[in-house]
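What the coordinates show
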Amino acid sequence: MSISCGNVNSDACQQVLVRTRYMKMTPPVEEVRKRSPSDYIFGKVLGEGSFSTVYLAKDVHTNREYAIKVLEKAHITREKKTEYVMREKEVLRLLGGSCQYFVHLYWTFQDAERLYFVLTYAKNGELLKQIDKHECFNIECTRYYTAELVLALEYLHGKEIVHRDLKPENVLFDENWHILITDFGSAKIVKEETERCDNESDTNFRKRRNSFVGTAQFVSPEMLTDTSSSYASDLWALGCIVYQMVSGLMPFRGGSEYLIFQKILNLEYEYPEGFDKIAKDLVEKLLVIVPNKRLGAIDAKPYVSIREHELFNGLNWVNLGPPPIISDSISEHIIPDHLEPGLDEEKVSRLQLDLLPPAPTPSRKKSQPGRKITDLSPDEIKERLDEQKTNLYHTFVGGNLILKQGLVDKKKGLFARRRMFLLTLGPHLYYVDPVTMVLKGEIPWSGDLRAEAKNFKIFFVYTPNRKYYLEDPEGYALEWCKAIEDVKTHYFPEKS
Ligand code: ADE
């Protein structure tokens, strides 16, 4: 496989750039020579997709940081995704770094095994992480980021590009907390598609239109049925994102893709109590089954009718002003200086390994009296693991011994969800949806994890990045906190 590589700015530099409020400075072209992996020191993995891994990387010549998207050629060819990779490059080239709300593609290059896209490093990570961290956004914050998304979509759609996979993981924050939309692997260039379709037989066209792109929870109804996706599909995704910013959860949830799709097609979702009324009105006008009836979809000048929505009353669209302060922590991922430039098999494996949680500390000797939940001999562990095989939840804990389990209401944003909590050796604190029997997640363990009971029912688990609001309907909050503290003492004695 071969993609043409080189300095992505070179075309753009020959054009006279009309600078509007969307525009940011195109970085100077430092060198025209071809780039290679040895021009960069590769650090932490920032993200992983089905077909790519994004690394934080430092340019050895300038010390500038970039996010480098690396794609394995063999994998792309095997999975027949070449077209998507080309499309992503073409879309990023079309955007050309001319709008501040999109990641910029600086360079592309390749070696025998991989393709490399050198992109803007979004220092403040994903919108999803911020929504999760804060449980949900207040209305000022929601208004501001919805406005930035609207401006970004106006620009993108003006360039005749549909993103088709807009979701909070694909909305990143730069160092000043402005949005940077990324991941154009599912994007569509409308003009190209129309031209191609004009030249193709009707059957071929239908075949192509049926291929599913995007993410289950954010996919629009028309992308699930056989009509083609278009700009209005991104407006649907915008409605989903606004809903998630306000409530902390996605509007269409289910234990399987099938159930989620059913809900989308039936427009089956609800607003939790306390959902802001004005934001609700906007979401209702965007989450409309018929694409052309979505707010903004038939605007002669996009997206006047969205801009005029009550949510944005008093907003200056020419200058949105400074972003709200949502977090003070800029994630400082330092690339160690001792690393060699370039990327080879060994480095790929090492950087992947860094993603794994640290190995558990060897267990402490049993202490008597006042036995702790973790005071178990190897024989006892083995015996209890054998018994555990009949436990319905055994399959969710990766072979670890369950020390305590029970139904707990996990509050997130405006919602509370009942989950089966499983505290295990490892240590792990998993939670499973007891209705759909789907593993919903895990509270990440570290020596800084802390549990605190508010009363017999309510307790909090603090991690460095999040506070979990939990309620044991049976009133065993104190027992949960004690068990969590025992596990902490066992694995992180120096922190207890
Ligand atoms: N994760 C995926 N892409 C990223 C980027 N460009 N910057 C920071 N984190 C990312």
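Everything below is about the structure printed above this text.
For the structure given in this document, a descriptive report is provided here. (Residues numbered from 1 in each chain as written. Predicted model: local features only at pLDDT ≥ 70, side-chain atom pairs only at ≥ 80, totals over all residues. Heavy atoms only, no water.)

As for the site of the ligand
Rules: Summary of the distance rule: residues count as near a molecule or strand when at least one heavy atom falls within 4 Å of that molecule or strand. Each accessible area is a Shrake-Rupley estimate made with a 1.4 Å probe; only the visible protein chains count as cover when residues are assessed. For this classification, the nonpolar set comprises Ala, Val, Leu, Ile, Met, Phe, Trp, Tyr, Cys and Pro, the charged set comprises Asp, Glu, Lys and Arg, and every other residue, Gly included, is treated as polar.
Lining the immediate surroundings of the ligand are L46, V54, A67, T120, Y121, A122 and L172. In isolation the ligand exposes 260 Å². Once the protein is present, 89% of that is buried. Partitioned by chemical class, the residues of the shell around the ligand number six nonpolar, one polar and no charged.

With respect to the pairing of strand β3 (residues 53-59)
The line we're drawing: Note on exposure labels: buried denotes an accessible area under 20% of the residue type's maximum, exposed denotes more than 50%, and partly exposed covers the range between, all computed with a 1.4 Å probe on protein chains only. In this text, helices come from DSSP runs of H or I with a minimum length of four residues, and strands from runs of E with a minimum of two, each type numbered from the N-terminal end. One requirement defines pairing of two strands: DSSP has to find at least two bridges between them.
The buried fraction of β3 amounts to seven of the seven residues, a majority that puts the element mostly inside the structure. With six bridges joining them, strand β2 (residues 40-48) and β3 adopt antiparallel strand pairing. When the bridges of β3 are listed, E48 appears paired with T53. The antiparallel pairing of β2 with β3 creates a hairpin that spans four residues between the two strands. As paired strands, β3 and strand β4 (residues 65-72) are joined by six bridges and run antiparallel to one another. From the neighbouring strand, A57 faces β4, where its bridge partner is Y66. In sequence, β3 turns back onto β4 through a hairpin of five residues, with N63 there showing a positive phi of about 65°.

Things to note about the packing of aromatic side chains
Quick note on the threshold: Two rings from Phe, Tyr or Trp (for Trp, the six-membered ring) form a pair when their centres are within 6.5 Å of each other. A pair whose planes differ by under 30 degrees is stacked, one over 60 is edge-to-face, and the rest are tilted. We call a charge positioned over a ring when the NZ of a Lys or the CZ of an Arg lies within 6 Å of the ring centre and within 35 degrees of the ring normal.
In total, this model carries 27 aromatic pairs according to the counting rule given. Aromatic rings pair up to connect Y40, F42, Y55, Y66, Y106, F109 and Y116 into one cluster. Here the guanidinium or amino end of R87 rests over the ring plane of Y84, the centre of that ring lying 5.8 Å away. The ring of W480 carries the charged tip of K404 above its face, separated from the ring centre by 4.8 Å.

Quick word on helix α4 (residues 127-134)
This is how the line gets drawn: Relevant arc is that of directions from the helix axis to the C-beta atoms, nothing else. Contact between two residues is taken to exist if any of their heavy atoms lie within 4.5 Å; hydrogens are not considered.
Listed as buried for α4 are L127, L128, Q130 and I131. One face of α4 carries all of its buried residues, which in axial projection span an arc of 165°. Against β8 (171-173) and α9 (231-247) lie the buried residues of α4. Downstream of α4 by one or two residues, E135 has phi in the positive range, about 75°.

A closer look at the nonpolar core
We count it as follows: Here, nonpolar core refers to any group of buried Ala, Val, Leu, Ile, Met, Phe, Trp, Tyr and Cys residues whose side-chain atoms link them within 4.5 Å. Per the annotation, domain bounds derive from an automatic or database assignment of domains.
Residues F102, Y145, I179, F184 and I306 are the most contacted members of the largest nonpolar core, which totals 77 residues. The greatest single-element share of this core, amounting to eleven residues, is contributed by helix α5 (residues 139-158). Taken domain by domain, this core gets at least three of its residues from each of domain 1 (11-123 + 333-353) and domain 2 (127-312). Each residue touching I179, except ones within four places of it in the same chain, is listed here: Q100, Y101, Y145, E148, L149, A152, V171, L172 and F173.

Topic: the environment of D375
How we decide: Definition of a polar contact: a pair of N or O atoms within 3.5 Å, with one able to donate and the other able to accept a hydrogen when the atoms are protein atoms, and with sequence-neighbouring residues admitted only if both atoms are side-chain atoms.
Note on placement: D375 falls in the loop between α13 (345-353) and α14 (378-388). You can call D375 buried: its relative accessible area is 2%. Between the C-alpha atom of D375 and that of V487, which follows or precedes it by 112 residues, the distance is 9.6 Å. In this structure the side chain of D375 is engaged in a polar contact, spanning 2.9 Å, whose partner is the backbone nitrogen of K372.

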